[in-house]
Amino acid sequence: MELPMLTVGEYSLVYNMLSFCIASMVFSGLFFIIAKDRVAPQYRMSVILSTIVVGIAGYHYFRIFGSWEAAYVMEGANYVASGTPFNDAYRYMDWLLTVPLLVVELLLLCSVAAERKSGLIFNTVVATVLMLVFGYLGETSGGTSLTDARGIFGFLSTLPFVYIVWVLWNEVTVAMADKDGHLKILYRNIRFLLIFTWGYYPIVYMAPFIMDAAAATVNVQVGYTIADVAAKAGYGCLIYAIAKAKSDEEGYAMA
Ligand SMILES: *C/C=C(C)/C=C/C=C(C)/C=C/C1=C(C)CCCC1(C)C
C-alpha cells in the first residue's frame, strides 16, 4: 500500500492514538492480573484470557507504533513515506490471536451447556479465521472501491462476521434470561458493547471507499485503534464485572 503524504496533525493523531492504546492495554492487563483473585475460581479463566488478550495487543501495538515511526519522515512541513513499508500485518496477526480468545472468554461466562460448548467454540473460531483472512486480503489489496478486491473480500469477511455476532448475541441473551438486577444489566451492556465495537470495524474498513488516501489512512488507523481499546480493554472490564457479579451472587468471598 502506498503511504500518502500527511500533515503534522494527521501524522501526530495516529502517533498519539497508538501510544494511548499501548498504555490502555498494558495497564488494563495489570488491573486484570491484580483483580483476578476477587472472582470465584470457576470464572477466573475469562479474566485470565482478558489479560492474555491485552498482553498480545499491547505487544503488537508496540510494534505498530515502531512501524509507523519508521514509515514516515518529515519533509518540509509535512510527513512523507520514508520508503520503509508500514506493516499492516501486525494488526491482523494480533486479531488472529485475540478475536478467538475474546469469543471464548464470553462464551465461558454464558454457562453454555457442556455438550454444546466445544462445537460452538470450534465453529466460531473457524469463522473468525475466515473473517480475518478475507479481511487481510482486502485490506492489503490496495483497492478503494466496493467493486474491487477491497469491496469483494470485505463482503466475504462480513458473512462469518454476521455468524459470530449472531451466536454471541444469542448466547448472552439466553444467559441473561433468568437473571435480574445488576447481573442482567451487565449482560445487556456487554451485548451492546459487542455490537457497537465489532460493528465499528467494518465501518472503518470502508473509509477508503469514500475518502482520499490521506484521510482514509488516518481514519483506518485511528478507527481500529479506538475499536481495539473498547473491544479488548473495555470488554475485559465488563467481563471482570460479570465474573465478579456471578461470584458475589454465589456468595464467594476472597480468601
Ligand atoms: C480485538 C480485535 C477485534 C475485536 C477485532 C475485530 C475485527 C472485526 C470484527 C473485523 C471485521 C471485518 C469485517 C466484518 C469486514 C471487513 C474486514 C474486517 C476484518 C475489518
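Scroll up to find the structure this text is about.
In this report, the structure presented in the accompanying data block is examined. This structure is a prediction, so every number in the text was calculated from the model and none was measured. (Residues numbered from 1 in each chain as written. Predicted model: local features only at pLDDT ≥ 70, side-chain atom pairs only at ≥ 80, totals over all residues. Heavy atoms only, no water.)

### Details of the site of the ligand
Neighbouring residues of the ligand: 19 residues in total, closest Trp95, Ser157, Tyr201, Asp228 and Lys232. The fraction of the free accessible surface of the ligand (530 Å²) that becomes covered by protein chains is 100%. Counting atoms within 2 Å of the grid points, the majority share of the ligand lands in the largest pocket. Elements with a contribution of two residues or more to the shell around the ligand: helix H3 (89-108), helix H4 (114-139), helix H5 (149-177), helix H6 (181-205) and helix H8 (213-249). Among the elements that line the shell around the ligand, the one with the most residues is H3, at five residues. Classifying every residue of the shell around the ligand gives 12 nonpolar, five polar and two charged. (Near = heavy atom within 4 Å. Areas by Shrake-Rupley, 256 points an atom, 1.4 Å probe, with all protein chains shown as cover. 1 Å grid on protein atoms, 1.4 Å probe; cavity = no way out; pocket = protein on both sides within 12 Å on 5 of 7 lines; lining within 4 Å. Sits in = over half its atoms within 2 Å of the grid points. Helix = DSSP H or I, 4+ residues; strand = E, 2+ residues; numbered from the N terminus. Nonpolar A, V, L, I, M, F, W, Y, C, P; charged D, E, K, R; others polar.)

### Here's the deal with the pairing of strand E2 (residues 72-75)
Each regular strand displays side chains that alternate between the two surfaces of the sheet. Both E2 and strand E3 (residues 78-81) contribute to a ladder of four bridges, which runs antiparallel. Among the inter-strand pairings, Val73 is bridged to a residue of E3, identified as Val80. The turn linking E2 back onto E3 is made up of two residues, and Gly76 within it adopts a positive phi angle of 65°. (Pairing = 2+ DSSP bridges.)

### As for the layout of surface pockets
Approximately 410 Å³ is the volume attributed to the largest pocket. In terms of lining, the largest pocket is formed by 25 residues, of which the most central are Met131, Ser157, Tyr201, Pro202 and Tyr205. Broken down by secondary-structure element, the contributors of at least two residues to the lining of the largest pocket are H3, H4, H5, H6 and H8. In terms of residue count, H5 provides more of the lining of the largest pocket than any other element does, seven residues in total. Classifying every residue of the lining of the largest pocket by side-chain character gives 17 nonpolar, five polar and three charged. (Points joined across faces, edges and corners; volume = space filled by probe spheres on them.)

### Quick notes on the environment of Ser46
Among the secondary structure elements, Ser46 is positioned in helix H2 (residues 44-71). Here Ser46 falls in the buried class, since its relative accessible area comes to 2%. Setting aside anything within four residues of it in sequence, one finds Ser46 in contact with Glu105, Leu108, Leu109 and Ile239. In terms of polar contacts, Ser46 uses its side chain to reach the backbone carbonyl oxygen of Glu105, at 2.9 Å. (Buried < 20%, exposed > 50% of the residue type's maximum accessible area, 1.4 Å probe, protein only. Contact = heavy atoms within 4.5 Å. Polar contact = N/O pair within 3.5 Å; in protein donor to acceptor, adjacent residues only side chain to side chain.)

### What about the pattern of salt bridges?
Throughout the structure, instances matching the rule amount to nine salt bridges. A salt bridge links Arg91 to Asp228, with the shortest nitrogen-to-oxygen separation between them at 3.8 Å. Separated by 137 residues along the polypeptide, Arg91 in helix H3 and Asp228 in helix H8 bring together distant segments of the chain. For the pair shown, Arg91 and Asp228 are each scored as buried. Residue Lys232 pairs with Asp94 through a salt bridge whose shortest N-O separation is 3.9 Å. One end of the pair, Lys232, is in helix H8; the other, Asp94, is in helix H3, with 138 residues separating them in the sequence. (Salt bridge = Lys/Arg side-chain N within 4 Å of Asp/Glu carboxyl O.)

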